[in-house]
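Working through the structure, step by step
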Amino acid sequence: GDLELRNGLNELSFCVSSAPNTRFCAELWVWPADVAMVICDIDGTITRSDVLGYGAHKLGFDAAHAGVCEAFQGIERQGYRTIYVSARPITKAAKTRHLLALVGQAESGFEMPRGPLITTSERSLAALVRSFRRKG
């Protein structure tokens, strides 16, 4: 059937035959083919540290670089759309989107532009260990 996708964010939910009692949610973004895009790594680019970005906000620390929201709002005003990438596991996608929604709002009133998030398919511990090993 027709998915009836619209320009921008499309929220999806689905089940798979191997887990019929579980509902999965996903975001599918549709943009025109000629849209200009910026790809931004979250961990260490938006946040000051790969590791601190995982949970510093829960402890009351602001893990984001100062001015990052203002910079990305300026990029968006120039007509660019943002795609976020992260080494965080896909199981943390909702929490990562929540972190992006919180970045900058307390101090500046600016917020990060909404956009697709691409994560790794690794589990949480494996992704965190790989992040530590890259730094060493």
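Preceding this section is the structure that the text describes.
Keep in mind that this is a model prediction, so the values were computed, not measured.

A tally of regular secondary structure across the protein gives four helices and five strands. Counted from the first residue to the last, the protein has its helices and strands arranged as β-β-β-α-α-β-α-β-α. Counting over 136 residues, the protein shows a buried share of 32%. The long-range fraction of contacts in the protein, counting pairs at least 24 apart against all pairs at least 6 apart in sequence, stands at 66%. Split by element, the accessible area of the protein, about 8,900 Å² in all, is 56% carbon and sulfur.

Overall, the coordinates contain three salt bridges when judged by the stated rule. Note that E27 is salt-bridged to R114, the shortest N-O span being 3.4 Å. Taken together, the residues E27 in strand β2 (residues 19-30) and R114 in the loop between α3 (93-102) and β5 (117-120) connect sequence positions 87 residues apart. A salt bridge links D43 to R88, with the shortest nitrogen-to-oxygen separation between them at 2.7 Å. Here D43, found in helix α1 (residues 42-46), pairs with R88, found in strand β4 (residues 80-89); they are 45 residues apart in sequence, far enough to count as distant.

Let's shift gears to the packing of aromatic side chains. Under the definition given, this model contains two aromatic pairs. With 5.8 Å between their ring centres and 25° between their planes, F14 and F24 make a pair best called stacked. A residue pair is termed long-range when its members are at least 10 positions apart, and F14 in strand β1 (residues 8-16) and F24 in strand β2 qualify at 10 residues. Residue F14 is classed as partly exposed on the basis of its relative accessible area of 36%. Residue class for F24 comes out partly exposed when judged on its relative accessible area of 35%.

Another point: the side chain of T96. With respect to the element layout, T96 can be found in helix α3. Residue T96 is classed as buried on the basis of its relative accessible area of 1%. Once residues within four sequence positions are removed from consideration, T96 is found in contact with I42, R88 and L117.

Criteria and thresholds
- Residues numbered from 1 in each chain as written.
- Predicted model: local features only at pLDDT ≥ 70, side-chain atom pairs only at ≥ 80, totals over all residues.
- Heavy atoms only, no water.
- Helix = DSSP H or I, 4+ residues; strand = E, 2+ residues; numbered from the N terminus.
- Buried < 20%, exposed > 50% of the residue type's maximum accessible area, 1.4 Å probe, protein only.
- Contact = heavy atoms within 4.5 Å.
- Areas by Shrake-Rupley, 256 points an atom, 1.4 Å probe, with all protein chains shown as cover.
- Salt bridge = Lys/Arg side-chain N within 4 Å of Asp/Glu carboxyl O.
- Phe/Tyr/Trp six-rings, centres within 6.5 Å; stacked < 30°, edge-to-face > 60°.

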